[in-house]
Amino acid sequence: MKCPACQETMKTEDFGGVEVDVCKSGCKGIWFDWHELTRLDESHEGFGEALREAVESPRANDEGRGRLNCPRCAMPMHAHRYPRAQQVNVDECYSCGGMFLDSGEFHAVREEHMTDAEQEAYVQDLLEDVPAMHALREDTERMTLRADALRHMTRYLRLGYWVTGE
Ligand SMILES: [Zn+2]
Ligand SMILES: [Zn+2]
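**Things to note about the packing of aromatic side chains**
Scanning the model with the defined rule gives 2 aromatic pairs in all. Ring centres of Phe-15 and Phe-47 lie 5.4 Å apart, and the angle between their planes is 65 degrees; this geometry places the pair in the edge-to-face category. One end of the pair, Phe-15, is in strand E1 (residues 11–15); the other, Phe-47, is in helix H2 (residues 47–56), and 32 residues separate them in sequence. Both rings, one in Phe-32 and one in Phe-47, keep their centres 6.0 Å apart while their planes meet at 80 degrees; by these two values the pair is edge-to-face. Here the residue Phe-32 occupies a position in strand E3 (residues 30–32), and Phe-47 occupies one in helix H2, the gap between them amounting to 15 residues. Neither residue differs from the other here; Phe-32 and Phe-47 are each classed as buried. Following the ring pairs from residue to residue traces out a cluster consisting of Phe-15, Phe-32 and Phe-47.

**Things to note about helix H6 (residues 140–157)**
Counted at 1.5 Å a residue, the expected span for H6 with its 18 residues is 26 Å, and the 26 Å between its end C-alpha atoms agrees. By the burial criterion, the buried members of H6 are Met-143, Arg-146, Ala-147, Ala-149, Leu-150, His-152, Met-153, Thr-154, Tyr-156 and Leu-157.

**Concerning the pattern of salt bridges**
Should their charged atoms come close, side chains of opposite charge can pair. Enumeration over the complete set of coordinates arrives at 7 salt bridges. Lys-11 is the partner of Glu-13 in a salt bridge, and the nearest nitrogen-oxygen pair spans 3.1 Å. Across the pair Arg-72 and Asp-33 runs a salt bridge whose closest N-O atoms are separated by 2.8 Å. Pair noted here: Arg-72 is in the loop between H2 and strand E4 (78–82) and Asp-33 is in the loop between E3 and helix H1 (34–37), with a separation of 39 residues, a long-range link. By relative accessible area, which is 44% here, Arg-72 ends up partly exposed. A cluster of three or more residues bridged by salt bridges with shared partners is formed by Asp-21, Asp-33 and Arg-72.

**Topic: the coordination of the zinc ion (ligand 2)**
Distances from the zinc ion (ligand 2) to its protein donors, Cys-70 (SG), Cys-73 (SG), Cys-93 (SG) and Cys-96 (SG), fall within 2.2 to 2.3 Å. In primary sequence terms, the donor set of the zinc ion (ligand 2) follows C-x2-C-x19-C-x2-C. According to the relative accessible area criterion, Cys-70 is buried, its value standing at 4%.

Reading the values: rules and limits
Residues numbered from 1 in each chain as written. Chains lettered and ligands numbered in written order. Predicted model: local features only at pLDDT ≥ 70, side-chain atom pairs only at ≥ 80, totals over all residues. Heavy atoms only, no water. Phe/Tyr/Trp six-rings, centres within 6.5 Å; stacked < 30°, edge-to-face > 60°. Helix = DSSP H or I, 4+ residues; strand = E, 2+ residues; numbered from the N terminus. Buried < 20%, exposed > 50% of the residue type's maximum accessible area, 1.4 Å probe, protein only. Expected span 1.5 Å × (residues − 1). Salt bridge = Lys/Arg side-chain N within 4 Å of Asp/Glu carboxyl O. Donors = N, O, S within 2.8 Å, 3.2 Å for Na, K, Ca; no water.

Here it is in structure tokens:
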């Protein structure tokens, strides 16, 4: 599978039985299929290190970058922005539910020290940020899965939690 940001071939990494695609040889971005996302937590060996690499690597192809296409189904992904940093944090594919965590993007969020209340507000923003996706809204089960996936993703955005054990 090609990385949506830099087009390098991504490597499937097994974090304790949960498989995630990491852009090892390129930008260090991380792709999650959503059923994997909801299963992955801090107990999964090696995942914190992959996140750290993503944090510390510069964004690829940053200037004038357009929408990223989903590496699974080639649909244009929806970029969720963190409200204060004005930066893209998560690219979400509404078609297959996958999410891409871009390299370099965590810095601003981490430095802003998202509080619990801010995190919850951010999750709510993400949950409601589904333009023209009526079919998805009507699919209750899928929306519940999506909510779980977004809550997990938001935990990863609070990187202090992962990288420094805060
Ligand atoms: Zn990449
Ligand atoms: Zn997709």
